[in-house]
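Read off the chains here:
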Amino acid sequence: VAAPRPSPISDRSRRMRHAFSVAVPATGPRAHAALPRLLVGVFATLDAAFGQQLASCRLESLHLRFKNQPLDLAPAFDPGVFTYSASLDVAMDSFSVDAVAEPGCATDRVPFRAIPVPKGEVYQVEVFAKVADQEQKQPYVVKVHRLEGTETVLSSLRILGALLMPHFSSDLRRYTAEVQVGHDFVRFGYVLQDEGQKIRFTATPQVVAAASPSD
C-alpha cells in the first residue's frame with residue numbers, strides 16, 4: 001500500500017521549519033526566564049512566514065472562451081498579474097472561464113456556467129487562488145467587453161515594406177507611408193476588431209514624385 005501523500009500545508013510547514021535556526025540560551029535561571037520571550041518571537045516569525053506562504057497562492061493558468069473558441073487576454077496571462085481585459089465579437093453572446101491553481105492551491109468562485117453579456121456592455125468577473133480550507137485569497141479580475149457591431153476601427157494595420165507615420169493607433173484614421181525601393185505593389189496587413197467587419201479599399205490615381213536635384 002502506498003504511503004499517504006503529505007498535505008500541502010504539512011509540506012510548507014516542514015520547509016519553513018528547516019528555514020529557521022534558534023539560538024537557545026544556556027541552562028539556568030536566566031534561560032528559564034528568557035525562554036517564553038524566545039518562543040513568542042519564534043512563533044511570531046513562523047506565523048508571518050506561514051502567512052506569506054498562504055498569500056503566495058497563484059493561478060497556474062487562466063483562459064476565457066466563447067464555446068470552444070479561445071479569447072485573447074490583455075495582457076497575456078502571467079501568474080503575477082492580477083487584472084486583465086478581453087473583448088467579445090458582437091456575435092459572441094457569452095463567455096466561459098477556465099482556471100487552474102498552482103500545486104498546493106485551489107481555485108474559488110470560478111463560474112461553472114457561461115456568462116451572458118449584452119451588446120455594448122462590460123462584465124467584470126473575479127476568480128481566486130487560495131490554499132484549500134483557508135480564507136486568505138488572491139483575486140484575479142477580468143473585464144469583458146462585448147462589441148456593439150457598429151465599430152469601424154481596426155485592431156492593427158501595417159503596410160508590407162513601408163513604415164506608417166505616425167505609428168498605428170485605433171484612434172487615428174489618417175497616415176502617410178514611404179514604400180521602400182524594390183516594392184512595386186502596396187500590400188496591406190490588418191486585424192479586424194470584429195469578425196463581422198468588412199473592409200473596402202479605394203485609391204486615387206498614382207502621382208510620380210518629383211525628382212530631387214541629386215538624382
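Residues numbered from 1 in each chain as written. Predicted model: local features only at pLDDT ≥ 70, side-chain atom pairs only at ≥ 80, totals over all residues. Heavy atoms only, no water.

Could you give an account of the overall build of the protein, naming the residues involved and the relevant values?
A tally of helices and strands in the protein yields two helices and twelve strands. The linear arrangement of helices and strands in the protein, starting from the amino end, is α-α-β-β-β-β-β-β-β-β-β-β-β-β. Burial statistics for the protein: of 215 residues in total, 23% are counted as buried. Across the protein, every contact between residues at least 6 apart in sequence was considered, and the portion connecting residues at least 24 apart equals 54%. Roughly 15700 Å² of accessible area belongs to the protein as shown, and the carbon and sulfur atoms make up 55% of that amount. (Helix = DSSP H or I, 4+ residues; strand = E, 2+ residues; numbered from the N terminus. Buried < 20%, exposed > 50% of the residue type's maximum accessible area, 1.4 Å probe, protein only. Contact = heavy atoms within 4.5 Å. Areas by Shrake-Rupley, 256 points an atom, 1.4 Å probe, with all protein chains shown as cover.)

Give me the lowdown on the sheet that holds strand β5 (residues 106–108), citing residues and values where you can.
Ordered by their spatial adjacency, four strands build an open sheet running β3-β8-β7-β5, and the pairing between neighbours is mixed. The sheet is open, and its two edges are formed by β3 (83–88) and β5, each paired on a single side. If you compare each strand with its neighbour and ignore which way they point, the axes differ by 25 degrees on average. With three bridges connecting them, β5 and strand β7 (residues 122–130) associate as antiparallel partners. Looking across to β7, one finds that Asp108 is bridged to Phe128. (Pairing = 2+ DSSP bridges. Axes fitted to C-alpha atoms, helices over the stretch in contact; angles between N-to-C directions.)

Help me get a handle on a nonpolar patch on the surface, residues and values and all.
Residues Val179, Val186, Phe188, Tyr190, Ile199 and Phe201 make up a contiguous nonpolar surface patch of roughly 530 Å² in combined accessible area. Along the chain, the position of Val179 falls in strand β11 (residues 176–179). Judged by relative accessible area, Val179 falls into the partly exposed class, the value being 39%. (Patch = residues over 30% accessible without salt bridge, like charges linked within 9 Å, V, L, I, M, F, W, Y side chains within 5 Å. Salt bridge = Lys/Arg side-chain N within 4 Å of Asp/Glu carboxyl O.)

Taken by themselves, the reported measurements are silent on function.
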